[in-house]
Amino acid sequence: MTPAKLRGGNYFLSLTLFSFSLLAPSTSSKHLQFPSSPTTKHNNRTALHIAAAEGNVPAIEILLAGGADSGPQDRWSATPLLEAVKSKRTAAIDVLLAHGAAARGLGIDENAVSGLLCSAAEAKDAELIALYIKAGAPCDAGDYDKRTALHLAAAEGNSSIVEALLRAGASALVKDRWGATPLDEAKREGRRETVKLLEAALKE
């Protein structure tokens, strides 16, 4: 088979690539080359978005080897890296990062990142928090009120999440719009164990 150079912007081409991204391909990467990332007609999602969400590492490697952009954004600004993180596709995350996906990161603004981290904290999902941070999410990302995932975890006395965030480099003294720190939150809510964790972190 001779190499075929696929050109972006073709809706039917994008559908073909989407189908490809959902399968476990055996095709060699040298048979698939294209300079851009063909997208669906309306939402700008690429085959790489789908492959990343599915954790289809062979498809990701072939798409990237063929010249696909490692960090395209869909209509919601999400990148393939964000899709891989949300689905906890650790192998896909590693491949994307190795191909420069960190340059555009998750594709979303700090407020949106904070929302994702806070949701993971509320769900007590330390693994997901670690993956967000590995993918470039700032651990002290704040929402519109400058409240961080550590503020939320501290207020709820969620010690395992507090520990995970502190290990990732989150600050116990980051302030929200009212000047309150995670330590203040833990004290206000009477979370003694969490207070000890935060105070110990400040002494290190």
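Check the entry above for the structure.
Residues numbered from 1 in each chain as written. Predicted model: local features only at pLDDT ≥ 70, side-chain atom pairs only at ≥ 80, totals over all residues. Heavy atoms only, no water.

**Quick word on the environment of Lys175**
Line of reasoning, step 1. Along the chain, Lys175 turns up in the loop between helix H9 (159–167) and helix H10 (182–188).
Line of reasoning, step 2. Considering only alpha carbons, one finds Lys175 and Lys146, 29 residues apart in sequence, at a separation of 7.1 Å.
Line of reasoning, step 3. Discounting residues that sit within four places of it in the chain, Lys175 has contacts with Lys146, His151, Ala180 and Thr181. (Helix = DSSP H or I, 4+ residues; strand = E, 2+ residues; numbered from the N terminus. Contact = heavy atoms within 4.5 Å.)

**Focus on the environment of Gly115**
Line of reasoning, step 1. With respect to the element layout, Gly115 can be found in helix H6 (residues 110–122).
Line of reasoning, step 2. Gly115 gets classed as partly exposed once you look at its relative accessible area, which sits at 31%.
Line of reasoning, step 3. For the pair Gly115 and Thr148, spaced 33 residues apart in the sequence, the C-alpha separation amounts to 8.6 Å. (Buried < 20%, exposed > 50% of the residue type's maximum accessible area, 1.4 Å probe, protein only.)

**What to know about the packing of H6 against helix H7 (residues 126–134)**
Line of reasoning, step 1. One way to put it is that H6 packs onto H7 with a least axis distance of 8 Å and a crossing angle of 160°. Our classification of the angle between H6 and H7 gives roughly antiparallel. Considering only the axes of H6 and H7, their crossing is left-handed. Where H6 approaches H7, its residues Leu116, Leu117, Ala120 and Ala121 are matched on the opposing element by Leu128, Ile129 and Tyr132. (Axes fitted to C-alpha atoms, helices over the stretch in contact; angles between N-to-C directions. Parallel < 35°, antiparallel > 145°, perpendicular 65-115°, else oblique. Left-handed = near helix turned anticlockwise from the far one by under 90°.)

**Re H9**
Line of reasoning, step 1. All buried positions along H9 are accounted for by Ser159, Ile161, Val162, Ala164, Leu165 and Leu166.
Line of reasoning, step 2. At its buried positions, H9 is contacted by H6, H7, helix H8 (149–156) and helix H11 (192–203).
Line of reasoning, step 3. Within two residues after H9, Gly169 carries a phi angle of roughly 105°, on the positive side.

These values are about where atoms sit, not about what they do.
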